[in-house]
Amino acid sequence: MNKLRVSGSAFGVGFSVQVDTPGLLAEVRRRLPPTWRPGAGGQPRRRYAVMHAADGLRVDAGDETLGRGLSHAGAMDVLESDLQLFVAQHARAFVFVHAGVVGVGGRALVIPGTSGAGKTTLVSALLRAGAIYYSDEYALLDARGRVHPYARALSVRAAGGGSKVRVPVDRTRGRTGRTPLPLGAVVLTEYCKGGRWKPVRMTRGEVVLGLLSHTVPARERPREVMATLARAVGGATLGVRSVRGAAGGVVRALLTLAGGGRSGARLPLHGHPARVRPAAPAPGRRGSGSRR
Amino acid sequence: MAQEVDGETLLYVEATHQASCLNGPAARIWALCDGERTVEAIAAGAEMDPDVVQQAVKQLGEAGLLENAAEAPAGVDLRRRRMLVGVGLAAIPIILLVTAPTARAATSQCTPPGSICGPQEPPCCTGSTCQPGPTGTCL
């Protein structure tokens, strides 16, 4: 048995990580996906190596170099990011959407966004307000469109935009969800200095497109992804989008939104999405095309 | 592939990885586009103004949802645009488009320092640039 290697699987996807010092191995274990299990099972597999070099740490996956000249924290970030993405791309039981997720009143509030959009900040603020933690990284949708937890430790970016710091959820006095939830609300939002929360309601079709824009296997399994997303929003899902200022300023509105997902009657919503493109009239008449 | 959600039609074109959302009127027009019907016939079938149908067909073509969409003439007849001011939003065909992301683009807008960069990767995060070499690195 190689004492400097950890092998396992997460969500049915196998991996192994080889290191060159025991200290690195302990760090690697802290960065493996939630629910991972040791062992050699799981297909497909990805083999990583995190090794010391003259200019710092180097991270390889198979024959591919993912990063070099890295600090310990930087190497762990690169490894974790790639492994999470590989699992998200290849896990067959779920559709992985890059999003923060909390549970409110037995329904999932999903906040899709790319890294740096402020998902963790918003999730942390929601947890402090009593929401139940599901994820600050991925919404996992099963074939019925229900949202499952991906409850890794919260990844909080250090001041100044440097490496991330891991904060266990129980240290924030938050509770972690264990059971799948129906999708209650989807919020497309991004932090904007001085931004004012002014939610615009989205149609369910727009919500699907909003989720699709952050769905990891969108290109690999489009048929399954579209069907799953449509099923997820087909119930009572409410979707809004807006820029936001500080997270604390929108927590109350988001909790109301999640709780009012069935009717949406109490929500102060504004107008129609600006990005719709109503067809304008044009002169001339020609034959139509045929649909794909 | 097509999927219906709450009166809207969702479409995904695998060749371009573009997903579209058609509202009810747009979906009605799209369903009538069989390569045989003229704009007038589609307008009659959908019970819509032919000019609205013409523009919707143009947009459907631009969205890659029609195989042989006719090129719409440039310019807009403002007189007709004014005529449509009274038309309710619900009656106007609306087509939304997104390009499905690659796996990496679904999660990140930028590549962190120290990581490998290149044309297939998101741009380097602020403060670093893609340094040339056998394989580029964000530094």
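A. Quick look at the overall build of chain B. The number of helices and strands found in chain B is five helices and seven strands. Its helices and strands taken in sequence order, chain B reads β-β-β-α-α-α-α-β-α-β-β-β from the N to the C terminus. In chain B, which comprises 139 residues, the proportion classed as buried is 43%. Restricting to contacts in chain B with at least 6 residues of sequence separation, those with at least 24 account for 38%.

B. Expanded view of the sheet that holds strand β1 (residues 5-10) of chain A. Residue and element names in this part refer to chain A. Taken together, six strands build an open sheet; the order of strands is β3-β1-β2-β4-β5-β6 and the sheet is mixed. Bordering the open sheet on either side are β3 (37-38) and β6 (64-70), each of which pairs with just one other strand. Pairing geometry for β1 and β3, over two bridges, is antiparallel. Bridge pairing links Gly8 to Pro38 in β3. Docked against the sheet, helix α1 (residues 22-30) engages β1, β2 (13-19) and β4 (45-53), running at close to 155° with respect to β2. Where helix α2 (residues 72-90) meets the sheet, it contacts β1, β2, β4, β5 (56-61) and β6, and its direction lies at approximately 160° from that of β6.

C. Main features of the sheet that holds strand β6 (residues 130-131) of chain B. Residues and elements named next belong to chain B. Strand order in the open sheet formed by three strands is β5-β7-β6, and the pairing between neighbours is antiparallel. Bordering the open sheet on either side are β5 (116-117) and β6, each of which pairs with just one other strand. One ladder, built from two bridges, connects β6 with strand β7 (residues 136-138); its direction is antiparallel. Residue Gln131 lies in a different strand from β7, and its bridge partner there is Thr137.

D. Structural view of the domain arrangement of chain A. All names here are of chain A. By the assigned domains, chain A splits into domain 1 (5-90) and domain 2 (95-259). Between the C-alpha centres of domain 1 and domain 2 there is a distance of 26 Å. Taken together, the contacts link nine residues of domain 1 with twelve residues of domain 2. The element contributing the most residues to the side of domain 1 that touches domain 2 is α2, with seven residues. Among the residues forming the side of domain 1 that touches domain 2, the class breakdown is four nonpolar, three polar and two charged.

E. Summary view of the environment of Asp51(B). The topology assignment puts Asp51(B) in helix α3 (residues 50-62). The sequence separation of Asp51(B) and Val39(B) amounts to twelve residues, and the corresponding C-alpha distance is 8.5 Å.

What counts, and at which threshold
Residues numbered from 1 in each chain as written. Chains lettered and ligands numbered in written order. Predicted model: local features only at pLDDT ≥ 70, side-chain atom pairs only at ≥ 80, totals over all residues. Helix = DSSP H or I, 4+ residues; strand = E, 2+ residues; numbered from the N terminus. Buried ≥ 20, exposed ≤ 12 C-beta atoms within 10 Å, placed from the backbone. Contact = placed C-beta atoms within 7 Å. Pairing = 2+ DSSP bridges. Axes fitted to C-alpha atoms, helices over the stretch in contact; angles between N-to-C directions. Domains from an automatic or database assignment. Nonpolar A, V, L, I, M, F, W, Y, C, P; charged D, E, K, R; others polar.

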